[in-house]
Amino acid sequence: MVPAYINIRDFLSLQIQQGIIPIHSKLPSERDLAEQFATTRITAREALSKLEAEGVIYRSNRRGWFVCPARLHYDPSTRVN
């Protein structure tokens with residue numbers, strides 16, 4: 001049996017990867033996610049924290065959770081003119 005926060009994390013991660021939730025857009029609130037998945041806000045917050053730890057989303061204080069832009073890939077072995 002998979003914990004509820006894993007289901008929420010996977011659901012949000014898939015939506016972000018597919019572009020349903022675009023970059024810099026706001027994610028649903030913790031309360032909305034808790035209602036949608038019939039769980040508690042603490043569980044929803046745990047899922048969001050896991051995504052934040054993975055670098056997928058970031059939190060803006062008193063504003064909510066947002067999708068991070070793509071990471072910059074730097075290869076110092078290539079030449080740039």
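Above this text you will find the structure in question.
Residues numbered from 1 in each chain as written. Predicted model: local features only at pLDDT ≥ 70, side-chain atom pairs only at ≥ 80, totals over all residues. Heavy atoms only, no water.

Remarks on the nonpolar core
Item 1. In terms of nonpolar packing, the biggest core is built from 13 residues, with Leu 12, Ile 16, Ile 21, Leu 27, Leu 33, Leu 48 and Ile 57 touching the most fellow members.
Item 2. Broken down by secondary-structure element, the contributors of at least two residues to this core are helix 1 (4-17), helix 3 (41-53) and strand 2 (64-67).
Item 3. When residues in this core are grouped by element, the largest group, four residues, is from helix 3.
Item 4. Those residues in contact with Ile 16 that lie beyond four places of it in its chain are Ile 21, Leu 27, Val 56, Ile 57 and Val 67. (Core = buried A, V, L, I, M, F, W, Y, C linked by side-chain atoms within 4.5 Å. Buried < 20%, exposed > 50% of the residue type's maximum accessible area, 1.4 Å probe, protein only. Helix = DSSP H or I, 4+ residues; strand = E, 2+ residues; numbered from the N terminus. Contact = heavy atoms within 4.5 Å.)

Examining the environment of Leu 33
Item 1. By the element assignment, Leu 33 lies in helix 2 (residues 30-36).
Item 2. Since its relative accessible area comes to 0%, Leu 33 is described here as buried.
Item 3. Separated by 15 residues in the primary sequence, Leu 33 and Leu 48 place their C-alpha atoms 9.9 Å from one another.
Item 4. The contacts of Leu 33, once residues within four sequence positions are left out, are Ile 8, Leu 12, Pro 28, Ala 44 and Leu 48.

Description of the pairing of strand 1 (residues 57-60)
Item 1. Across four bridges, the pairing between strand 1 and strand 2 is antiparallel. Bridged to Ser 60 within strand 2 is Gly 64.
Item 2. Hairpin connection between strand 1 and strand 2: a loop of three residues separates the two successive antiparallel strands, and Arg 62 in this loop has a positive phi of roughly 65 degrees. (Pairing = 2+ DSSP bridges.)

Quick notes on the layout of surface pockets
Item 1. Computed from the structure, the largest pocket encloses a volume of approximately 190 Å³.
Item 2. If you trace the largest pocket, you find 14 residues lining it, with Ile 16, Val 56, Val 67, Cys 68 and Pro 69 closest to the centre.
Item 3. Ranked by residues supplied to the lining of the largest pocket, first place goes to helix 1 with three residues.
Item 4. Tallied by class, the residues present in the lining of the largest pocket amount to nine nonpolar, four polar and one charged.
Item 5. Taken as a whole, the second largest pocket encloses approximately 150 Å³ of empty space. (1 Å grid on protein atoms, 1.4 Å probe; cavity = no way out; pocket = protein on both sides within 12 Å on 5 of 7 lines; lining within 4 Å. Points joined across faces, edges and corners; volume = space filled by probe spheres on them. Nonpolar A, V, L, I, M, F, W, Y, C, P; charged D, E, K, R; others polar.)

Focus: unusual backbone geometry
Item 1. Positive phi, normally seen in glycine, also occurs at His 24, with a value near 65 degrees.
Item 2. Here His 24 lies in the loop between helix 1 and helix 2.
Item 3. With phi around 50 degrees, Ala 38 is a residue other than glycine that occupies positive phi space.
Item 4. As for its position among the elements, Ala 38 is in the loop between helix 2 and helix 3.
Item 5. Residue class for Ala 38 comes out exposed when judged on its relative accessible area of 72%.

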